[in-house]
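# Breakdown of the fold
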Amino acid sequence: MLEVRGVRKAFGKHQVLKGIDLTVNKGDVVVILGPSGSGKTTLLRCLDFLTTADEGELLFDGIKTPLNHSSKKLISIIRKKMGFVFQNYNLFNNKTALENVMEGLVIGRKIPKAQAYDIAARALDKVGLSDRYDYYPSSLSGGQQQRVAIARAIAVNPDLILFDEPTSALDPELIYDVLSVMKTLAKEGTTMIVVTHEMSFAEEVANHVIFMDNGVIIEEGTPEQIFHHPAEERTKQFLKRILKEQ
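Residues numbered from 1 in each chain as written. Predicted model: local features only at pLDDT ≥ 70, side-chain atom pairs only at ≥ 80, totals over all residues. Heavy atoms only, no water.

### Here's the deal with the pairing of strand β8 (residues 192-195)
For clarity, the cut-off: Burial classes follow relative accessibility: with a 1.4 Å probe on protein chains only, a residue under 20% of its type's maximum area counts as buried, one over 50% as exposed, and anything between as partly exposed. Labels follow the DSSP assignment, with helices taken as runs of H or I lasting at least four residues and strands as runs of E lasting at least two, numbered in each case from the N terminus. For two strands to be treated as a pair, DSSP must find at least two bridges joining them. Viewed with both strands pointing away, a crossover whose connecting path from the first strand over the helix to the second turns clockwise is right-handed.
Here β8 shows no split at all, with Met192 and Val194 on one side and Ile193 and Val195 on the other all buried. Bridge count for strand β3 (residues 29-33) against β8 is 4 bridges, and the pairing is parallel. Of the residues in β8, the one forming a bridge with Val29 is Met192. In this fold, strand β7 (residues 160-164) hands off to helix α6 (residues 172-187), which returns the chain to β8; that crossover is right-handed.

If you want it as C-alpha cells, here you go:
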C-alpha cells in the first residue's frame, strides 16, 4: 500500500531524517518507537506533506511522487486517502464534536451536510461518544477530545491512518479509552502507522515494530523480535529504560 524510500529532512544544519525507507502493507499496524528527537513525528508529517521532505520518494496506492516537490493536485489526492491523528487533538474550539468531524467532510470532500451529519454521527458512535455530539472541546476531557480526533480521521474512510503519539498528552486514566478505540480499529483491519511510547499496545497490536534514533532506523521486526530478542544494543537500552518507567 505504501512505500517510501530515501526520506531526508533537515532543519537548518540539523539532520532530522537521514534516509528512511519504509514499507506498509494493507492491514498492517506499524508502530514506530524511539526517543524524543529521533525523527518519528517528522517522518509522519513528511508522509502527509505537512512537512516538506528534502529528499525521498513516495508510492501510495498506485500514486508515485517525490516528497520534496509533489504537485498540489497529487498532495490533495494523497491526503484524502490518509487520516492524521495529532498529539494535541487539533480540534476547532468553536465547533462541537459533531461539527469538528463534519468539517472535513463538508469543506474538504464537498459531501452534503445531511449526509456528512450521518457519517460524523456514526464515527462518534464508533469511538464511544454518542452522548457528546453537541459538546465543545472545552467541555470534553483530553481522552474524549482525542477520540473526537480519531472519529474525524475515520469518518473520511481513509486507506491509512497516521497516529502521532495520540496518548502522550493524556492523563494516565484517560489513555485506556483511546487505546481501546485504536485496538478496535486494528482488529477491523485498519492500516495504521503509530508513533507511541505505549509498549503494551505496541506488543499486543502491532505486526511490525520500528525503532528509530538520531534520524535513522536502528532496528525493525515483529513485536516478538524487538521486545524479546532485540539485536541492537541501542534498542536494548531504550526498551530497558522505557519499560522500567512504565
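### Topic: the packing of helix α3 (residues 97-108) against helix α4 (residues 113-126)
Our working definition: Between the N-to-C directions of two axes lies an angle of 0 to 180 degrees, each axis being a line fitted to C-alpha atoms and, for a helix, fitted only over the stretch in contact. Any angle from 65 to 115 degrees is called roughly perpendicular, while one under 35 is roughly parallel, one over 145 is roughly antiparallel, and all others are oblique. For a crossing to be left-handed, the near helix must be turned anticlockwise from the far one by less than a right angle; the clockwise case is right-handed. In what follows, a contact means two residues having at least one pair of non-hydrogen atoms within 4.5 Å. Lys, Arg, Asp and Glu make up the charged group, whereas Ala, Val, Leu, Ile, Met, Phe, Trp, Tyr, Cys and Pro make up the nonpolar group; the residues left over, Gly among them, are polar.
The interhelical angle for the contact between α3 and α4, taken along N-to-C directions, is 125 degrees, at an axis separation of 9 Å. As judged from the angle between their axes, α3 and α4 are oblique. For the crossing formed where α3 meets α4, the hand is right-handed. Facing Ala97, Leu98, Val101, Met102, Leu105 and Val106 of α3, the residues of α4 in contact are Lys113, Ala116, Tyr117, Ile119, Ala120, Ala121, Ala123 and Leu124. Classifying every residue of the contact of α3 with α4 by side-chain character gives 13 nonpolar, no polar and 1 charged.

### Overview of α4
Quick reminder of the rule: Helix span is expected to be 1.5 Å times the residue number reduced by one.
Here α4 spans 20 Å end to end across 14 residues, near enough to the 20 Å set by a 1.5 Å rise per residue. Among the residues of α4, Ala116, Ile119, Ala120, Ala121, Ala123 and Leu124 are the ones counted as buried. As for α4, its buried residues are in contact with α3 and α5 (142-155). Phi for Gly128, located one or two positions after α4, is positive at around 80 degrees.

### Details of the packing of aromatic side chains
We count it as follows: Whether two aromatic rings pair depends on their centres lying within 6.5 Å, for rings of Phe, Tyr and Trp, where Trp uses its six-membered ring; planes under 30 degrees apart make the pair stacked, over 60 edge-to-face, and the rest tilted.
Taken as a whole and assessed by the stated rule, the structure comprises 2 aromatic pairs. Here Phe84 and Phe86 contribute two aromatic rings whose centre-to-centre distance is 4.4 Å and whose plane-to-plane angle is 25 degrees, an arrangement assigned as stacked. Between the aromatic rings of Phe211 and Phe238, the centroid separation amounts to 4.9 Å while the plane-to-plane angle is 35 degrees, which identifies the pairing as tilted. Placement of Phe211 in strand β9 (residues 208-213) and of Phe238 in helix α9 (residues 233-245) is noted, with a sequence separation of 27 residues between them.

### What to know about the nonpolar core
Our working definition: Nonpolar core, defined: a set of buried Ala, Val, Leu, Ile, Met, Phe, Trp, Tyr and Cys residues in which side-chain atoms within 4.5 Å join the residues together.
Judged by nonpolar contacts, the single largest core of 55 residues is most densely connected at Leu33, Leu124, Ile150, Phe163 and Met182. Residue contacts for Phe163: discarding those within four places in its chain leaves Leu44, Val85, Ile150, Met182, Leu185, Met192, Ile193, Val194 and Val195.

### Quick look at the sheet that holds strand β5 (residues 63-66)
Taking strand neighbours across the sheet as the criterion, the 4 strands line up as β2-β1-β4-β5 in an open arrangement whose pairing is antiparallel. The open sheet has two free edges, formed respectively by β2 (14-24) and β5, since each of these has just one partner strand. The average angle at which neighbouring strand axes cross in this sheet is 15 degrees, direction not considered. Helix α1 (residues 40-47) rests against β1 (2-11), β2 and β4 (55-60) of the sheet, and its axis sits at about 120 degrees to β1. In the packing of helix α2 (residues 72-80) onto the sheet, contacts are made with β4 and β5, and the angle to β5 comes to roughly 125 degrees.

### A few points about unusual backbone geometry
In the Ramachandran plot, Lys110 falls in the positive-phi region, its phi being about 60 degrees despite a non-glycine side chain. Structurally, the position occupied by Lys110 is in the loop between α3 and α4. Taking the relative accessible area as the measure of exposure, Lys110 reaches 66% and is therefore exposed.

### Description of the layout of surface pockets
The following threshold applies: With a 1 Å grid laid over protein atoms only, a set of points is called a cavity when a 1.4 Å probe fits there but cannot get out and a pocket when it is open yet has protein on both sides within 12 Å along at least five of seven lines; lining residues have an atom within 4 Å of a point. Grid points are joined across faces, edges and corners, and a volume is the space filled by probe spheres set on the points.
As a volume, the largest pocket reaches approximately 650 Å³. Contributing to the lining of the largest pocket are 22 residues, with Arg79, Met82, Gly104, Arg152 and Val156 lying nearest its centre. For the lining of the largest pocket, the secondary structure elements donating two or more residues are α2, β6 (82-85), α3 and α5. A per-element tally of the lining of the largest pocket places α3 first, with 7 residues. By residue class, the composition of the lining of the largest pocket is 10 nonpolar, 6 polar and 6 charged. As for the second largest pocket, its lining consists of 17 residues, and the residues nearest its centre are Ile154, Asn157, Pro158, Leu185 and Thr190. Here the lining of the second largest pocket takes 4 residues from α4, the largest share from any one element. Among the residues making up the lining of the second largest pocket, the classes are represented as 8 nonpolar, 4 polar and 5 charged.

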